[in-house]
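Understanding the architecture of this molecule
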Amino acid sequence: MKSVLFSRFFILLPWILIVIIMLDVDTRRPAPPLTPRPYFSPYAAGRGGPRLPLRSRRAGPVRGVEKRNESRQQPPPQPQLPTIYAITPTYSRPVQKAELTRLANTFRQVAQLHWILVEDAAARSELVSRFLARAGLPSTHLHVPTPRRYKRPGLPRATEQRNAGLAWLRQRHQHQRAQPGVLFFADDDNTYSLELFQEMRTTRKVSVWPVGLVGGRRYERPLVENGKVVGWYTGWRADRPFAIDMAGFAVSLQVILSNPKAVFKRRGSQPGMQESDFLKQITTVEELEPKANNCTKVLVWHTRTEKVNLANEPKYHLDTVKIEV
Ligand code: UGA
Ligand code: MN
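Since the structure is predicted, the reported quantities are computational estimates derived from the model, not experimental observations.

1. Details of the side chain of arginine 93
- With respect to the helices and strands, the residue arginine 93 is situated in the loop between strand 1 (83–90) and helix 3 (96–107).
- Residue arginine 93 is classed as buried on the basis of its relative accessible area of 17%.
- Beyond its immediate stretch of four places on either side in the chain, arginine 93 contacts Glu99 and Asp188.

And the structure:
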């Protein structure tokens, strides 16, 4: 009797071991994160590894041995995604951290994006430095103050800051062959859909698309015929060669590097003309690449945050703690 039990035990033993090993392997596999990890090492481009590009999850069997074996295979190497460089001018004001928080929450969901944040200030502020260190994004933190004489209503904003971003990009790529890249000027107060980044990533030279809530209209857009831009739907100065807002175009890194003198100009530039003056230096209307379904979809909105009411803010600090807002 005893020996029968023993022999049964030895027959079953390998099977029991196999089941234990399989259960163990299964529980060791980490659960896929719902969203890309929020806090990986910031600063350097590419550190933290490539994150998930915007794409739908593959459908297919979720359970079973077959799936498990499949997931252990190496994924096929992906062609290199062009890096999106987003240049954001920003300045100190009560809503600054709130604006930057919204922006970072968007950018964190975009694969291979490098954020060039340029403070309109004589030095890097602690608020922005601390914010970027925790933002979980590859980023570069620059600063340049707008000369006082240009800080007047009616004059263009953020000229020096965008130029500082351009100079950094050119300097960074001066010695190496340009990696594929796309530059986009992302003001800190606009609203950006994730689809916009998919559209702009395929920019070959200069791409354009509609912008919502701008120019005194619900939207402005390039008019497209047979895949080419032939005019502009706009409520404001339709005579501009490129009647488009800063949020309505992207430029390939290659074009930025091969036009080293193209910058935003103070002299002779009026508000609302900066975009047109800049684009004139690097492209022609015929060359523009329409995105967003031949410029029929709004994927970015020129939202503006209202000035906050601080009427009840005490003159001197009354609270027992000091809080960054
Ligand atoms: C419109 C355009 O959408 C801007 O791209 C353009 O720079 C601006 O007009 C202009 O007049 O030059 P608007 O909403 O009126 O935009 O401008 P803001 O959002 O106030 O400023 C644009 C960017 O410059 C923002 O990212 C903002 O943070 C930054 N900024 C603004 C500064 O860095 N310094 C300032 O003194 C003001
Ligand atoms: Mn704005």
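2. Description of the layout of surface pockets
- Of the pockets and cavities examined, the second largest pocket occupies roughly 1200 Å³.
- Taken together, 44 residues form the lining of the second largest pocket, with Arg157, Asp187, Asp189, His302 and Arg304 sitting closest to its centre.
- In the lining of the second largest pocket, the residues fall into 17 nonpolar, nine polar and 18 charged.

3. Observations concerning the packing of helix 3 against helix 4 (residues 126–133)
- Remark: helix 3 packs on helix 4, axes separated minimally by 11 Å, with the N-to-C direction vectors making an angle of 20°. When the axes of helix 3 and helix 4 are compared, the pair comes out roughly parallel. Two packed elements cross with a definite hand, and for helix 3 against helix 4 that hand is right-handed. Contacts from Gln96, Lys97, Leu100, Thr101 and Ala104 in helix 3 reach Leu127, Val128 and Phe131 in helix 4.
- Of the residues belonging to the contact of helix 3 with helix 4, the class tally is five nonpolar, two polar and one charged.

4. Digging into the pairing of strand 9 (residues 228–233)
- With five bridges joining them, strand 8 (residues 217–225) and strand 9 adopt antiparallel strand pairing. Across the sheet, valine 224 pairs through a bridge with valine 229, a residue of strand 9.
- Hairpin connection between strand 8 and strand 9: a loop of two residues separates the two successive antiparallel strands, and asparagine 226 in this loop has a positive phi of roughly 45°.

5. What about the packing of aromatic side chains?
- Under the definition given, this model contains 14 aromatic pairs.
- Both rings, one in phenylalanine 107 and one in phenylalanine 197, keep their centres 5.9 Å apart while their planes meet at 90°; by these two values the pair is edge-to-face. One end of the pair, phenylalanine 107, is in helix 3; the other, phenylalanine 197, is in helix 6 (residues 194–200), with 90 residues separating them in the sequence.
- Through a chain of ring-to-ring contacts, the aromatic side chains of Phe107, Trp115, Phe131, Phe184, Tyr192, Phe197 and Trp209 assemble into a single cluster.
- The ring of phenylalanine 264 has arginine 162 sitting right over it, with the charged end atom 5.9 Å from the ring centre.

How each quantity is defined
- Residues numbered from 1 in each chain as written.
- Chains lettered and ligands numbered in written order.
- Predicted model: local features only at pLDDT ≥ 70, side-chain atom pairs only at ≥ 80, totals over all residues.
- Heavy atoms only, no water.
- Helix = DSSP H or I, 4+ residues; strand = E, 2+ residues; numbered from the N terminus.
- Buried < 20%, exposed > 50% of the residue type's maximum accessible area, 1.4 Å probe, protein only.
- Contact = heavy atoms within 4.5 Å.
- 1 Å grid on protein atoms, 1.4 Å probe; cavity = no way out; pocket = protein on both sides within 12 Å on 5 of 7 lines; lining within 4 Å.
- Points joined across faces, edges and corners; volume = space filled by probe spheres on them.
- Nonpolar A, V, L, I, M, F, W, Y, C, P; charged D, E, K, R; others polar.
- Axes fitted to C-alpha atoms, helices over the stretch in contact; angles between N-to-C directions.
- Parallel < 35°, antiparallel > 145°, perpendicular 65-115°, else oblique.
- Left-handed = near helix turned anticlockwise from the far one by under 90°.
- Pairing = 2+ DSSP bridges.
- Phe/Tyr/Trp six-rings, centres within 6.5 Å; stacked < 30°, edge-to-face > 60°.
- Lys NZ or Arg CZ within 6 Å of the ring centre and 35° of its normal.

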